[in-house]
Amino acid sequence: MAFIPVVDFAVYKRSNGDITDKNLQELCKEFRNAFTEVGFVYLKNTEIDQNEVAQVMDISKKFFLLPEEQKRPFTRGSYTINVNHGWVPSEVERLNPQCPGDLKEAFNITSLSKDIKWPSDGLDGFRDIQVNFFNRCKDLTLDVLRIMALSLGLDPEFFLQAHSYIGSDKNDTTLRTLYYPPVKAGSVKEGQLRCGEHSDYGSITLVFQSHEGGLQVLSRKGEFISAPSIPETVLINIADLMQRWTSDVFVSAVHRVLPPPEGDSSTRQSLVFFVHPDNDAIITCCDGSDKYPPVRSLDYLLARFSDSYGRK
Ligand SMILES: O=C(O)CCC(=O)C(=O)O
Ligand SMILES: [Fe+2]
């Protein structure tokens, strides 16, 4: 078996959610194996296609290539409606708090409120393209959460009940578009990566990458293994709150993005959909154990953010 399995989601679409369907049971088994052993899976036939992904990456790149003063009004932290929404300049965030700032720029779409100010100068369609993709990712997420619950022998609605408000101000699920600028030879600080070693914070994460590579996932054996872009698939991983929720049955694997090899000046892009439970959801171990104390979803998330942005 390749390290990160590729699983065909067409089975789910054809089964109409009928859990007596043999193919659906097989799909659940594949999910369970992937998420208990690796924490990552490539899903194909999700109905999100490469053209959609390319369109979101194209409009995002136009934003990232604007002069800094045109991006500054959209900086993360300047929105009163949501602390996480907005632009993150390069080297500001450290996903591994022990290392220098990550060599990446990001734009977080966390609030879809009509009061949010969106970049528009020379960026026709920026808002609509991002919001549309947010909603496409949301739909896929709800299907994936259903299969995940089934694969643990739970009611298919088990995780969904705590994800009722994705896309509203009662839930901090975020579509993050990332741009990794060219890396100048000799400019990388010791220990500096495009994305420091980390595990994600919420329930699950959907990842779409451009073709350049650099993403690596830590295996159970303790080796970093490449997780390249596979066209027409979505890479999906378990995040920390889901690991906790499932009493460590599903594993949230550490991953990172390496800088390109010395002398390679290529850029890289990715779209990452960080799914979080509703802000007020209380996350309690799903097996009824007290392995972890109950935690309010937003409290957990804010504590994790303060680690990534805390140190100057
Ligand atoms: O850019 C990528 O491929 C993944 C980035 C990532 O892991 C993250 O932002 O949490
Ligand atoms: Fe990540």
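Residues numbered from 1 in each chain as written. Chains lettered and ligands numbered in written order. Predicted model: local features only at pLDDT ≥ 70, side-chain atom pairs only at ≥ 80, totals over all residues.

Moving on to the packing of helix H2 (residues 22–37) against helix H5 (residues 126–151). Running from N to C, H2 and H5 cross one another at 85°; their axes reach a closest spacing of 8 Å. The orientation of H2 relative to H5 falls into the category roughly perpendicular. Each of Leu-27, Cys-28, Phe-31, Arg-32 and Phe-35 in H2 lies in contact with H5, whose residues at this interface are Ile-147, Met-148, Leu-150 and Ser-151. The residue makeup of the contact of H2 with H5, split by class, is seven nonpolar, one polar and one charged. (Axes fitted to C-alpha atoms, helices over the stretch in contact; angles between N-to-C directions. Helix = DSSP H or I, 4+ residues; strand = E, 2+ residues; numbered from the N terminus. Parallel < 35°, antiparallel > 145°, perpendicular 65-115°, else oblique. Contact = placed C-beta atoms within 7 Å. Nonpolar A, V, L, I, M, F, W, Y, C, P; charged D, E, K, R; others polar.)

Moving on, we come to H2. Taking 1.5 Å of rise per residue, the 16 residues of H2 would be expected to cover 22 Å, and the 23 Å separating its terminal C-alpha atoms lies within 8% of that figure. In this structure, the buried residues of H2 make contact with strand S1 (6–8), helix H1 (10–15), strand S2 (40–44), H5 and strand S10 (233–238). Gly-39 lies just past H2 and shows a positive phi near 90°. (Expected span 1.5 Å × (residues − 1).)

Our next topic: the site of ligand 1. Contacts to ligand 1 come from Leu-178, Cys-195, Asp-200, Val-207, Gln-209, Leu-215, His-255, Val-257, Ser-270 and Val-272. For the shell around ligand 1, the elements supplying multiple residues, two or more each, are strand S7 (204–209), strand S11 (255–257) and strand S12 (268–275). For the shell around ligand 1, a count of residues per class yields six nonpolar, three polar and one charged. (Near = placed C-beta within 6 Å.)

Structurally, the position occupied by Ser-226 is in strand S9 (residues 224–226). Classification of Ser-226 by C-beta neighbours within 10 Å gives exposed; the count is 12. On a C-alpha basis, the gap between Ser-226 and Phe-3 in space is 9.0 Å, while along the polypeptide they are 223 residues apart. Apart from residues no more than four positions distant in its own chain, Ser-226 is found in contact with Gly-213 and Gln-216. (Buried ≥ 20, exposed ≤ 12 C-beta atoms within 10 Å, placed from the backbone.)

Now for the pairing of strand S8 (residues 215–218). Sheet topology places S8 next to S11; three bridges connect them, and they run antiparallel. Bridging from a neighbouring strand, Leu-215 pairs with Val-257 of S11. Relative to S9, S8 runs antiparallel, the two sharing three bridges. Within the sheet, the bridge partner assigned to Leu-218 lies in S9 and is Phe-224. Turn length for the S8-S9 hairpin, with the two strands adjacent in sequence and antiparallel, is five residues, and the turn residue Gly-222 shows positive phi of about 90°. (Pairing = 2+ DSSP bridges.)

The next point concerns the UniProt feature "domain: Fe2OG dioxygenase" (unreviewed entry) in the protein chain. Per the UniProt record, "domain: Fe2OG dioxygenase" (unreviewed entry) is found at residues 170–277. In the segment residues 170–277, helix accounts for 6% and strand for 38%; the C-alpha atoms at its two ends are 9 Å apart. (UniProt positions renumbered as here; feature names shortened; annotations may be inferred.)

For Glu-91, which is not glycine, the phi dihedral falls at a positive 65°. Mapped onto the elements of the fold, Glu-91 is located in the loop between strand S3 (86–88) and strand S4 (105–109). Non-glycine residue Asp-248 carries a positive phi angle of around 70°. Inspection of the secondary structure puts Asp-248 in the loop between helix H6 (240–245) and S11.

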